[in-house]
Amino acid sequence: MDLADNNFSGSIPRCIGDLRGMMIKGVEAQPAFTYDANEWGKRNFKQVLKENEYDYTKEYKYPYLVNIDLSSNNLMGSIPDDLTSLSGLTGLNLSRNHLSGNIPSNIQKMKSLESLDFSNNSLSGPIPTVMSFMDNLGFLNLSYNNFLGLIPINDHFLTFDNRSFLGNSRLCGGPLTNKCSIGDGVRVPTSVDHEDKNDNNDKKEKDWSLETHFPYVDGVVDKMYVAIMVRVARDRQKRLVVGGDYLPITIHMIQSSICMIMDVFPSNVKFVLLWLLCTFMFNSVTCSLKVHCNEKDVHILLLFKEGVTDPSGFLSSWITQQHCCQWTGIKCDSITGRVTELNLPCHAGDKDHKSHCLSGQLNLSLLELQFLSYLNLSNNAFKGIQHNPKCVNMSRDARSHHCTNSSNLQVLDLSYNRDILIDNLHWISHLSSLQYLNLDGVDLHKEINWLQSVTMLPSLLELHMESCQLENINPSIQYANFTSLQVLDLADNIFLSYELPTWLFNLSSDISHIDLSQNQIHGQLSNMLSNIRSIKFLNLSYNALSGPIPNWIGQLEQLQELDLSHNSFSGPIPTSLGNLSSLVVLKLNLNNLNGNLPESFGQLCNLEVLTVADNSLTGIVSERNLRSLSKLKHLYLSSPALIYDFDPEWIPPFDLQGVWLGYVGGKLPSWLFTQSSLRTLIITDSTASFEPLDKFWNFTTQLEFLSLSNNSIGGNMSNVLLTSRIVWLTSNNLGGGVPRLSPNVVLLNLDGNSLSGSISPLLCHKMTEKSNLKSLDLRYNLLSGELTDCWNNWESLVRVSLGNNNLTGKIPHSMGSLSNLLSLNLNRNNLYGDIPLSLKNCKNLLILDLGNNNFSGAVPSWMGQSLETLQLRSNQFSGNIPPQICQLNSLMVMDFANNSLSGPIPQCLHNITAMLSDSTSTYEIRFRVETTDSIMDFVFPVGLLIKGSELIYKDMVYVIDLSSNSLSGTVPSEIFMLTRLQSLNLSRNQLVGTIPEKIGNMKQLESIDLSSNRLWGEIPQSMSGLSFLGVLNLSFNNFMGKIPSGTQLQSFTNLSYMGNHQLCGPPLTKICPEDEESNNTKPIVEDEDDDYTSAVHSWFYMGLGIGFAVGFWGVLGAIFFNRKCRHAYFRFLHRLYDMLIQI
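Heads up: these notes are all about the structure in this document. Keep in mind the model is a prediction, meaning the values are calculated, not measured. (Residues numbered from 1 in each chain as written. Predicted model: local features only at pLDDT ≥ 70, side-chain atom pairs only at ≥ 80, totals over all residues. Heavy atoms only, no water.)

Some details on the pattern of salt bridges
- Following the criterion strictly, the structure yields 8 salt bridges and no others.
- Asp419 is the partner of Lys383 in a salt bridge, and the nearest nitrogen-oxygen pair spans 3.0 Å. Of this pair, Lys383 sits in strand 20 (residues 381-386) while Asp419 sits in the loop between strand 21 (411-413) and strand 22 (436-438), and the two are 36 residues apart along the sequence.
- Judged by relative accessible area, which is 48%, Lys383 ranks as partly exposed.
- Residue classification places Asp419 among the partly exposed positions, given a relative accessible area of 37%.
- A salt bridge links Arg799 to Asp777; its shortest N-O distance comes to 3.3 Å. Here the residue Arg799 occupies a position in strand 48 (residues 799-801), and Asp777 occupies one in strand 46 (residues 775-777), the gap between them amounting to 22 residues.
- Classification of Arg799 by relative accessible area gives buried; the value is 9%.
- Overall, Asp777 belongs to the buried group, its relative accessible area being 0%. (Salt bridge = Lys/Arg side-chain N within 4 Å of Asp/Glu carboxyl O. Helix = DSSP H or I, 4+ residues; strand = E, 2+ residues; numbered from the N terminus. Buried < 20%, exposed > 50% of the residue type's maximum accessible area, 1.4 Å probe, protein only.)

Some thoughts on unusual backbone geometry
- Omega for the bond connecting Glu691 with Pro692 falls within 30 degrees of zero, at -10°, which places this linkage in the cis form.
- Considering the arrangement of structural elements, one finds Pro692 in the loop between strand 39 (680-684) and helix 10 (693-699).
- Cis geometry marks the peptide bond from Pro1066 to Pro1067; its omega dihedral reads 10°.
- For Asp614, which is not glycine, the phi dihedral falls at a positive 55°.
- Position of Asp614 relative to the elements: it lies in the loop between strand 33 (609-611) and strand 34 (616-617).

Section: the sheet that holds strand 57 (residues 900-903)
- What the 12 strands build is an open sheet, ordered 45-47-49-51-53-55-57-63-65-67-69-70; its pairing is parallel. The strands lining the two open edges of the sheet, one partner per strand, are strand 45 (756-757) and strand 70 (1062-1064).
- Two elements, strand 45 and strand 47 (residues 782-786), share 2 bridges in a ladder whose sense is parallel. Within strand 47, the residue paired with Ser756 across the bridge is Leu782. (Pairing = 2+ DSSP bridges.)

Following this line, the structure appears as structure tokens:
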């Protein structure tokens, strides 16, 4: 961002810290796109850095340049602290302005800075000591400000000469000639001459007595350290160890240091200081100049390298001929040479492919690096963890004796190595100094005692275990011994049948951050949660929590962010939320909340984000609910029964950045058009009038993100100019011709409207600047005419979706110019002709959907190697399936159904390696769009006909559909090696042969259709083990024999097997011959059972006769021999007779 040498005024905005593209650290940053070197060189990109102009492309001095230059303007105010969050910044120039205040105290966070220029301002205060830790800083200019005090002491920092600090009269030390005096306050340079110094020293001798000022001895020693440091020489012949750092020392330096001690310090202190200096000098003689790599560290690192697959050569520098501290990702202690940091994260692109990342086995012997404090192997593709065989299954005492774990390890990050399966975390518990543990995305579903392991880490401050497939939240544990924990992140796990655990409410630490979102935790919020008074961030979104939101939540006075969205909370929103005066973010959307919007929300003076959309709220929303929220930045309101009743003249006290309004009736609120900072506008499911449309479309020109869905806007779009970065206008009944676009638009989605006419006005319109459009979606409209031949102007496109229209003609050759294209969907139009050879130039193409058209000719044999989805169904393609199709290693969907293809199925399909893996992980094709407020990922959907239904899939599935062709020959056995295949359809062809037994290896199969062929033989028994099989059709073939037993195959109806006359057994009614014989023949071993059964029956009938006789004579005897019983019996019969007569 280069705005230098203009007339900008005002202060530097705080939001400059939100520039996410500048937050990637240093050399870890990767270019968003890979350009051809020759083409990139033509761009002639120059930058002023370190007061010199460099040709970025030719000299290539800064391959990952991240630069801000605001110099030579009229900027005022202080340097915002938010600026320091730009950790990837390599150059920062704020010189020649009117800036005041101090340098931000946390400026050391900008570790990638190589050039820093704050000169010619009015900055004041001391230079922060932390600046001495900015090891990459090669250029520094703080001249002509009002800095004061001592220049920070550091071997690296003192390499800058006096030009870096000129014009700061109260600055001393370092390369400046100004000497520092000793005082209780800030050290300032002495300005008196030599005679005055002597007078002053006499006075100091009276005041400075070693006996009376003994408590200040530490400070005096520090002054001696300062004296030595200020006179540090530049040559590096020997090294002096002082305070843990090494410093250059020469004879000249010793002489200079002695002179300073004699010149500056009181006489009664000089002896002590000189004695200490001599001690340091003596010790320095034993210090060696050259630091060697520790042999044990080298051995451990090379052992780790042996198990690693390194396709990109990240570890090519890991050779014994090179100093280990110069190996990629390694950082050593500057004195001992021991390895302290190993930093090898992988940076994947938008596709999240990791083919270039480290893989293989992750050897945990790395934990035996004794002085290792930082280990980051995140986002790689390791397949497993390899333990040191000497350390497996050892007791803790034995382990500590034989296996030295790094007692210094403070940071461990293995996150997003998604293929790693860890079945126990016992090895974690030995890392006693660990403060930060990140296992996000690592598979821990077999580890049920994870909590017990991590609670044995006494120093742990942050625990991140998001998306780890954890299933046990340990509800039976009452207390978790997290004595230091501040951040707990267990989001996106599988705690399906659990409530919030008791141990969560009894944490002994002052925890400030809890994230349990996306876990399907059920139950109600326990009042024990109110015990965590230190909580500042609480995220319980995307769960199954129910009941009312309790009133006690208003007691969490330090709470700054509360997210209860995407649950089943019911009842009114509690008014006690108004007590949370520190609350900045409140998200309650997508629940079952009812009642009115509380007026107590007006007390949330710091609230910036309020989302209560998609509830059942009722009542009126007016300016009374919002007039006190002066800091509000984002407002999301959407409930069917809400009534918007705002005064048309009302001007809000806030200036919103984002608005989502749903179910708006009448007219849009007038105050909406007063929001000059609005960048995001979402209006859904509304019947409101957008009239006058000209005013509305003009207002949207200030937006970055415009989303209008399921509204009744209408109107002719042909005269509308769309300028927002993201334009999402689906299902709004928009009509007329296609709109015009500005170069700023990155994503355009107009699907589900009534646009008509040609697409030429959109694509052939000449722009003054180059287009940035990445995604064009015009599906489900009434567009007609031919595909325009103006695609040369749209090289930025990565997705084109024009399906479900009335387009005609051939695919123009200019479409081959879309070199960045990832997805092309022309499904369900009236296009015809061959697929042009020019599409071969689209080398990055992942999805090609030309189904349901009238294309003809042969299936192209030149398809790009990166293709993952190829859909040619319902066309007029003919000829054989080219064997080159087997070279598409990444192919996941091959849909050639309903054409006129003939010949055999290629026998090489097992070369499609993407279909061979046993992994069950899902995969999405997506691209990313960044706005000022957020980063948005958009998934490429794929429409597939599977299981008899056409569905839209976001996660990629693995499908082969060759049905309804004229294919002949046998089904190649190689096709049953595709173990990742989920759907196989070879129906309605002329295939012959048998189904091999190896079909049982296709464990992921959900649908298989081999119907209407000429297949014969028995159905393999192994098919009964296909547990995911939901659709089976083997009808109208020549299968014979018995249908394999097992619940899976016999759960289907007879329709799955009909038309196979020699097939028998359930679910068919035809009984197999072997079953008939078994029914007619009784084995000899069953005679004894029959005799036993017969005897039981005899005794049963005999007992039944005796019981009847006893009961009958018992009743009859009572009537004959008992007079009362006899009279009562006959009265009963008489009454019964009367009742029957009356009826």
